[in-house]
Amino acid sequence: MGVRHKDEVTPFEAMQARFWTAVDKLGLDHGFAKILEQPERELHVSIPVVMDDGSIKVFEGYRVQHNTVRGPAKGGIRFDKNVSSNEVQALAAWMTWKCAVVDIPFGGGKGGVICDPSTLSMGELERITRRFVTRIMDIIGPDRDIPAPDVNTTAQVMAWFYDTYSMHTRQWHAGVVTGKPVEMGGSKGREEATGFGVYICAREACKVKGTELAEKKIIVQGFGNVGSWFAKFAHDDGAKITAVADITGIVYNKKGLDIPTLKTWAKEHRGIKGFKDAEEISIEDFYSLECDIFAPCALENAINSENADKIKARFIVEGANGPTTPAADVILEEKDIHVVPDILCNAGGVVGSYFEWVQNRQGIFWDKETVLRRIEEKMIESYHKVYKVREDYDTKMRAAAYILAVKLVADVAKMRGIYA
Ligand code: NAD
């Protein structure tokens, strides 16, 4: 994952393939569409850091603003060794389309630092974060561009982010990042928001196909923020999570894994490997497992032309961003698998972030039930809007989500006009 397979495309090319399909279905002028395709701005920075042993390392970081016609850029910060300009551009564009699918007043942004957090101490992580903030702070801000957590970045990283920004501007700026600790202006329910949204999509997908989530056999790839919360909500609703994969291994129990205990285990052991009451299986066996729902919740390109054919699920709910390559899409279509695409399926996170930003602006905080209820309403409404476009255009869910999003962004871009 996160790597290129021989017959596959880069993440940005994957985004472009879906974007241009939507452009043609909508009959948009190609010259005009080019404005929406390309990122508005990319900042590439160097981040010098003194390591714990006294040596100096220079890390590379990016912040990309893809499109801001509908509002300030919004999108997470990823710390990972596979971060690249191309990946961050794709992630920023997906944020533009995602915010439009769920109709919240944000554009798309994303950032990343090339590093391997598993080899860094807390002090090193803090210094990388703070120096990165100072490098990109000219282009971020509560009304410009609002970062959030993504792969390997936590509420603590957001706390350092917020603190550094506020120290430099000498003002209180809670709305500069979302996904902060609740004690310092974060929103209740934000932590579980993305996984919760994936669960709502899985539930709605079952409903439109005349079935229920309860008793469904589910396999989950990635057991971090998104995967573990999705698994928890689905488990609590009576589904059987039979297999879970993460970077440390894959655990399987045909009767269903005890998800709350697995969550505790993963926290204590920094991964799922060695979990009792389960057998370990290979990655090949994982993809071929008999199941109803497959939830990719790790990184890009997880479902590609080398493994798509093995998948036996009836539904795929994309918790991760860009987990399916365009080549794999064709195979999944032939197999008639109902795919809930990333820009809809994992949008619960940005909806939760939007609610955090709203609360920060209001200075009034909502209880967790209110936050989750509002996320649920937004996700149900969005799922059915996409489903209707799918029927109107006689297409698949992914194409429908892009058609809905590109149309909304294009409409606003036209109303605003091309300046000068
Ligand atoms: P995380 O860092 O909390 O968890 C990532 C998980 O993926 C970990 O369990 C890790 O072990 C696993 N993983 C990494 N490489 C793997 C591999 N090769 N095989 C199997 N598992 C592997 O990250 P997260 O926040 O849960 O994000 C996961 C995905 O969801 C990313 O694509 C991210 O962009 C997307 N996403 C996250 C949010 C959010 O709110 N956190 C919102 C929308 C989308």
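Structural data are supplied above this passage.
Keep in mind that what you see is a predicted model, and the values were worked out from it rather than measured.

K.L.:
How do you make sense of the layout of surface pockets when you look at a structure like this?
P.N.:
Any empty space left between atoms is shown by rolling a water-sized probe over those atoms. In this structure, the second largest pocket encloses a volume near 390 Å³. In terms of lining residues, the second largest pocket is bounded by 19 residues, among which Asp329, Glu333, Lys396, Met397 and Arg398 are the most central. Contributions of two or more residues to the lining of the second largest pocket are made by α1 (11–26), α10 (326–334), β12 (338–340) and α14 (397–416). Counting residues per element, the lining of the second largest pocket draws most heavily on α10, at 4 residues. For the lining of the second largest pocket, a count of residues per class yields 8 nonpolar, 2 polar and 9 charged.

K.L.:
Please explain the side chain of Glu192 as it appears in this structure.
P.N.:
Mapping Glu192 onto the fold places it in helix α6 (residues 190–208). For Glu192, a relative accessible area of 5% gives the class buried. Polar side-chain contacts of Glu192 include one of 2.8 Å to the side chain of Lys368.

K.L.:
Could you clarify how one ought to interpret the packing of aromatic side chains in this entry?
P.N.:
Aromatic rings in a pair are described by how distant their centres are and how their planes are angled relative to each other. Within this structure, the stated rule accounts for 16 aromatic pairs. One aromatic cluster is present, built from ring pairs that chain together Phe106, Tyr354, Phe355, Trp357 and Trp366. Above the plane of the ring of Trp366 lies Arg374, whose end atom (NZ or CZ) is 4.3 Å from the centre. In this structure, Lys414 packs its charged tip against the face of Phe32, placed 5.3 Å from the ring centre.

K.L.:
Looking at this structure, I do not really get the sheet that holds strand β2 (residues 56–67). What am I missing?
P.N.:
Hydrogen bonding along the main chain pairs the strands of a sheet, whether they run parallel or antiparallel. A sheet is described by the order of its strands in space; here 5 strands give the open sequence β1-β2-β4-β3-β5, paired in mixed fashion. One side of each edge strand has no neighbouring strand; the edge strands of this open sheet are β1 (41–50) and β5 (145–149). When the angles between neighbouring strand axes are averaged without regard to direction, this sheet yields 25°. Judged from the 5 bridges that link them, strand β3 (residues 73–80) and β5 form a sheet pairing that is parallel. Following the sheet pairing, Ile77 is matched in β5 by Pro149. In the packing of helix α4 (residues 122–136) onto the sheet, contacts are made with β1, β2, β3 and β4 (107–114), and the angle to β1 comes to roughly 140°.

About the criteria used
Residues numbered from 1 in each chain as written. Predicted model: local features only at pLDDT ≥ 70, side-chain atom pairs only at ≥ 80, totals over all residues. Heavy atoms only, no water. 1 Å grid on protein atoms, 1.4 Å probe; cavity = no way out; pocket = protein on both sides within 12 Å on 5 of 7 lines; lining within 4 Å. Points joined across faces, edges and corners; volume = space filled by probe spheres on them. Helix = DSSP H or I, 4+ residues; strand = E, 2+ residues; numbered from the N terminus. Nonpolar A, V, L, I, M, F, W, Y, C, P; charged D, E, K, R; others polar. Buried < 20%, exposed > 50% of the residue type's maximum accessible area, 1.4 Å probe, protein only. Polar contact = N/O pair within 3.5 Å; in protein donor to acceptor, adjacent residues only side chain to side chain. Phe/Tyr/Trp six-rings, centres within 6.5 Å; stacked < 30°, edge-to-face > 60°. Lys NZ or Arg CZ within 6 Å of the ring centre and 35° of its normal. Pairing = 2+ DSSP bridges. Axes fitted to C-alpha atoms, helices over the stretch in contact; angles between N-to-C directions. Contact = heavy atoms within 4.5 Å.

Such coordinate-based values are descriptive only and should not be taken to indicate function.
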